[in-house]
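Residue-level structure breakdown
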Amino acid sequence: ETGVTQSPTHLIKTRGQQVTLRCSSQSGHNTVSWYQQALGQGPQFIFQYYREEENGRGNFPPRFSGLQFPNYSSELNVNALELDDSALYLCASSLPGKLTDTQYFGPGTRLTVL
Amino acid sequence: EDKVVQSPLSLVVHEGDTVTLNCSYEVTNFRSLLWYKQEKKAPTFLFMLTSSGIEKKSGRLSSILDKKELSSILNITATQTGDSAIYLCAVVDVQGAQKLVFGQGTRLTINP
């Protein structure tokens, strides 16, 4: 069974640029969630995708957008980067349903905005 | 607004000690509570607690959910240096997406 993978591992961008982060979900999982973890904080929910549709969104501006593909992999896009976007971006996959609240996390992408 | 609070934020103990980490929550549409261990990057799953499973144990780790007090504890006995990590508590809010609402985490350091 393949776990959740993310790419790239690290990324350095400058203010105003755009970035795309990628995630491959665990085998058999059709739900992908993205979280932002600032230094010293717990992860914060960005949004969730289920069957290629956005299934819910946290308090993040529209310049944070995503996609999910038929193979359940996903992308997180951030436009017009700001310094405060510097964080660890975590992707988590899961099966939907009442008995499967457990989400399994990938190793994350460390984004630095200069 | 949903809220999860963990305490203490940081804890330093000696190898062999027993530790108790706390988590309290205010979530409108609570369904379950999860504990994760984060050593470098990826949080790894430890336990899930629900109304039908309020106590879990795995080796030296155990956790209890108190639905009346809206809280949970994570106990680690006979701590080892490998237990050093950030421990994250998360609550599942099922209003809309099946999202995890995390606390700030407890940074646990085990000294030899």
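On a predicted model such as this, the values are computed, not experimentally measured, just so you know.

Calculation notes
- Residues numbered from 1 in each chain as written.
- Chains lettered and ligands numbered in written order.
- Predicted model: local features only at pLDDT ≥ 70, side-chain atom pairs only at ≥ 80, totals over all residues.
- Heavy atoms only, no water.
- Helix = DSSP H or I, 4+ residues; strand = E, 2+ residues; numbered from the N terminus.
- Contact = heavy atoms within 4.5 Å.
- Buried area = accessible area lost by both parts, 1.4 Å probe.
- Salt bridge = Lys/Arg side-chain N within 4 Å of Asp/Glu carboxyl O.
- Polar contact = N/O pair within 3.5 Å; in protein donor to acceptor, adjacent residues only side chain to side chain.
- Nonpolar A, V, L, I, M, F, W, Y, C, P; charged D, E, K, R; others polar.
- Core = buried A, V, L, I, M, F, W, Y, C linked by side-chain atoms within 4.5 Å.
- Buried < 20%, exposed > 50% of the residue type's maximum accessible area, 1.4 Å probe, protein only.
- Pairing = 2+ DSSP bridges.
- Axes fitted to C-alpha atoms, helices over the stretch in contact; angles between N-to-C directions.

Here we take up the environment of Gly103(B). Here Gly103(B) is to be found in the loop between strand S10 (99–102) and strand S11 (106–111). For the pair formed by Gly103(B) and Val27(B), sequence separation is 76 residues and the distance between their alpha carbons is 12 Å.

Each partner contributes residues to the interface: chain B has 20 residues there, and chain A has 29 residues. With both sides pooled, the region where chain B packs onto chain A buries about 1900 Å², and carbon together with sulfur makes up 53% of that total. Between chain B and chain A we count one salt bridge in total. A salt bridge links Asp101(A) to Arg31(B); the nearest nitrogen and oxygen atoms lie 2.5 Å apart. The tally of links from chain B across to chain A stands at nine residue pairs in polar contact (both at pLDDT 80 or more). Only strand S4 (30–38), strand S5 (43–50), strand S9 (85–93) and S10 of chain B provide two or more residues apiece to the side of chain B that touches chain A. At five residues, S4(B) tops the list of elements feeding residues into the side of chain B that touches chain A. Looking at the side of chain B that touches chain A, its residues break down into 11 nonpolar, six polar and three charged.

A word on the nonpolar core. Grouped together as the largest cluster of nonpolar side chains are 23 residues, with contacts concentrated most on Tyr25(B), Leu33(B) and Trp35(B). Formed by 20 residues, the second largest nonpolar core is a distinct cluster that contains Val19(A), Val32(A), Val78(A) and Leu111(A).

Our next topic: the sheet that holds strand S1 (residues 5–7) of chain A. Residues and elements named next belong to chain A. The sheet built from four strands is open, its strands ordered S1-S3-S8-S7 with antiparallel pairing. Each edge of the sheet is formed by a strand with only one pairing partner; in this case those strands are S1 and strand S7 (64–68). Neighbouring strand axes in the sheet, compared pairwise and without regard to direction, differ in orientation by 20° on average. The sheet contact formed by S7 and strand S8 (residues 74–78) spans five bridges and is antiparallel. When the bridges of S8 are listed, Gln68 appears paired with Ser74.

Moving on, we get to the pattern of salt bridges. Residue and element names in this part refer to chain A. In the structure shown here, the tally under the stated rule is seven salt bridges over all chains. Where Glu75 meets Arg22, a salt bridge forms, and the shortest distance between an N and an O atom there is 3.5 Å. Of the two residues, Glu75 sits in strand S8 while Arg22 sits in strand S3 (residues 19–24), which places them 53 residues apart along the sequence. With relative accessibility at 14%, the residue Glu75 sits in the buried group. Sharing partners across several salt bridges, the network here consists of Arg63, Glu82 and Asp85.

Moving on: the environment of Thr79(B). Residue and element names in this part refer to chain B. Tracing the backbone through its elements, the reader meets Thr79 in the loop between strand S8 (71–76) and S9. For Thr79, a relative accessible area of 1% translates into the label buried. Along the sequence, Thr79 and Thr20 sit 59 residues apart, while their C-alpha atoms lie 11 Å from each other. Ignoring sequence-local partners within four residues, the contact set of Thr79 consists of Val13, His14, Glu15, Gly16, Asp17, Val19, Arg60 and Ile110. At 2.9 Å, the side chain of Thr79 and the backbone oxygen of Asp17 are in polar contact.

Residue and element names in this part refer to chain B. Across four bridges, the pairing between strand S6 (residues 55–58) and strand S7 (residues 61–66) is antiparallel. Bridged to Lys57 within S7 is Ser62. When S7 meets S8, the two strands line up antiparallel, connected through six bridges. Bridge pairing in S8 links Leu61 to Ile76.

Looking now at the sheet that holds S8(B). All names here are of chain B. Across the sheet, five strands lie side by side as S1-S3-S8-S7-S6; this open sheet has antiparallel pairing. Looking at the sheet topology across the chains shown, the edges are occupied by strand S1 (3–7) and S6. Here the average twist between neighbouring strands, direction ignored, is 15°.

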